[in-house]
Amino acid sequence: MTARHAPLIGLGLAALLAGCAGAHEYGPNSPYYTYPVGMTIELLQPLAIPPGEASVRLQYGRTVARNGVQEVDPYCVFEIDTVSTSTQTVPPARFRVIRVQRRMETFSGMPALPWRAFAVGLGRDDGPSHLYYVTEFRLQANGHPVVRSLACQHNVADVAIPRHLTMAEMRQALGNYFSLDLAR
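Enquirer: What's the story with the overall build of the chain in this structure? I'm lost.
Expert: For the chain, the helix and strand inventory stands at 3 helices and 10 strands. Listed by position from the N terminus, the elements making up the chain come as α-β-β-β-β-β-β-β-α-β-β-α-β. For the chain, with 184 residues in total, the buried portion stands at 38%. Put simply, 70% of the contacts in the chain that link residues at least 6 apart link residues at least 24 apart. Just so you have it, the chain exposes about 10,400 Å², and 57% of that area is on carbon and sulfur atoms.

So this is what it looks like as structure tokens:
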């Protein structure tokens, strides 16, 4: 390195650090946001769970068949405790979030090691073909003992910098079915 390269390297480092500082904003539309205790999630309209299943997927503001999800785009899975041979309809209700968990999962449902996500981001062939960054809200509501969780996720296996979904991305996936209320 010569003396004439020093200002360029310094400028590059300053730009890199400025970019990193902006990426770690902790507001609701940041993937690094910490969800408040007492948050509520409200189901705004009846939601039908298909026969033989205990969950329904929501993407682009509408329900989507299990095999119709575009996995690299944000989507959410609303899950209940029971499976039935007929359609189960969950009526509108407000759910208290009793726990929020963020995790990485591979296609097989096994947890992914953090270094593995970085390796996948670099485009290595030995990584999983499906790596999900999942934000799961465990739900509780009086009168709805069968409701279990709402998990929002996307496949980040081919993403250069994998991250969790932002609140805005979750809201876009949920559309008019759910309201995420941070103030309660």
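Enquirer: What's the story with unusual backbone geometry in this structure? I'm lost.
Expert: Residues other than glycine predominantly adopt negative phi, and peptide bonds predominantly adopt the trans conformation. Backbone geometry places Y60, a non-glycine residue, at a positive phi of 55 degrees. Structurally, Y60 can be placed in the loop between β3 (55-59) and β4 (62-64). Y60 gets classed as partly exposed once you look at its relative accessible area, which sits at 33%.

Enquirer: Sorry, what's going on with the state of the cysteines here?
Expert: Simply put, disulfide is the name for a covalent bond between the sulfur atoms of two cysteines. Here the structure, examined in full by the defined rule, presents 1 disulfide. Through a disulfide, C76 is tied to C152; the S-S separation comes to 2.1 Å. As the torsion about the S-S bond is roughly 105 degrees, the C76-C152 disulfide counts as right-handed. One end of the pair, C76, is in strand β5 (residues 75-80); the other, C152, is in strand β9 (residues 147-155), and 76 residues separate them in sequence.

Enquirer: How do you make sense of the pattern of salt bridges when you look at a structure like this?
Expert: Two side chains with opposite charge may pair up if their charged atoms get near one another. As enumerated under the stated definition, the model contains 8 salt bridges in all. In this structure, E169 engages R163 in a salt bridge whose closest nitrogen and oxygen atoms are separated by 2.7 Å. Owing to a relative accessible area of 28%, R163 belongs among the partly exposed residues under this scheme. A single network of salt bridges, built from pairs that share partners, joins E42, R94 and D181.

Enquirer: Even after reading the chapter, I still don't get the sheet that holds β3, so can you show me in this structure?
Expert: In sheet architecture, strand pairing relies on hydrogen bonds along the backbone and comes in two forms, parallel and antiparallel. Reading across from one edge, β4-β3-β5-β9-β8-β7-β1-β10 is the order of the 8 strands in this open sheet, with antiparallel pairing throughout. The open sheet has two free edges, formed respectively by β4 and β10 (178-181), since each of these has just one partner strand. Mean inter-strand twist for the sheet, computed between neighbouring axes without regard to direction, equals 35 degrees. In this sheet, strand β7 (residues 93-106) lies alongside strand β1 (residues 40-43) in antiparallel orientation, the contact comprising 4 bridges. Of the residues in β7, the one forming a bridge with T40 is R96. Where helix α3 (residues 167-174) meets the sheet, it contacts β3, β4, β5, β8 (131-140), β9 and β10, and its direction lies at approximately 160 degrees from that of β10.

Enquirer: When you look at the nonpolar core in this model, what are you seeing that I'm missing?
Expert: A general trend in soluble globular proteins is that nonpolar side chains are found buried together. Membership of the largest hydrophobic core comes to 32 residues, with the highest contact counts inside it found for M39, I41, F78, F95, L139, L150 and F178. Here this core takes 4 residues from α3, the largest share from any one element. Grouped together as the second largest cluster of nonpolar side chains are 7 residues, Y75, V77, Y132 and V134 included.

Enquirer: Is there a simple way to explain the packing of aromatic side chains in this structure?
Expert: In this description, an aromatic ring pair is defined by two values, namely the gap between the centres and the angle between the planes. Summed over the entire model, instances satisfying the criterion amount to 4 aromatic pairs. Here the aromatic rings of Y33 and Y35 are separated by 5.1 Å at their centres, their planes lie at 90 degrees, and the arrangement is edge-to-face. Y35 carries the same exposure label as Y33, and that label is buried. Their ring planes at 80 degrees and their centres at 5.2 Å tell us that Y35 and F137 sit as a pair that is edge-to-face. With Y35 in the loop between α1 (6-23) and β1 and F137 in strand β8, this pair connects stretches of sequence that are 102 residues apart. Each member of the pair Y35 and F137 is classed as buried. Through successive ring pairs, a cluster of aromatic residues spans Y33, Y35 and F137.

So, how was this worked out
- Residues numbered from 1 in each chain as written.
- Predicted model: local features only at pLDDT ≥ 70, side-chain atom pairs only at ≥ 80, totals over all residues.
- Heavy atoms only, no water.
- Helix = DSSP H or I, 4+ residues; strand = E, 2+ residues; numbered from the N terminus.
- Buried < 20%, exposed > 50% of the residue type's maximum accessible area, 1.4 Å probe, protein only.
- Contact = heavy atoms within 4.5 Å.
- Areas by Shrake-Rupley, 256 points an atom, 1.4 Å probe, with all protein chains shown as cover.
- Disulfide = S-S within 2.5 Å.
- Salt bridge = Lys/Arg side-chain N within 4 Å of Asp/Glu carboxyl O.
- Pairing = 2+ DSSP bridges.
- Axes fitted to C-alpha atoms, helices over the stretch in contact; angles between N-to-C directions.
- Core = buried A, V, L, I, M, F, W, Y, C linked by side-chain atoms within 4.5 Å.
- Phe/Tyr/Trp six-rings, centres within 6.5 Å; stacked < 30°, edge-to-face > 60°.

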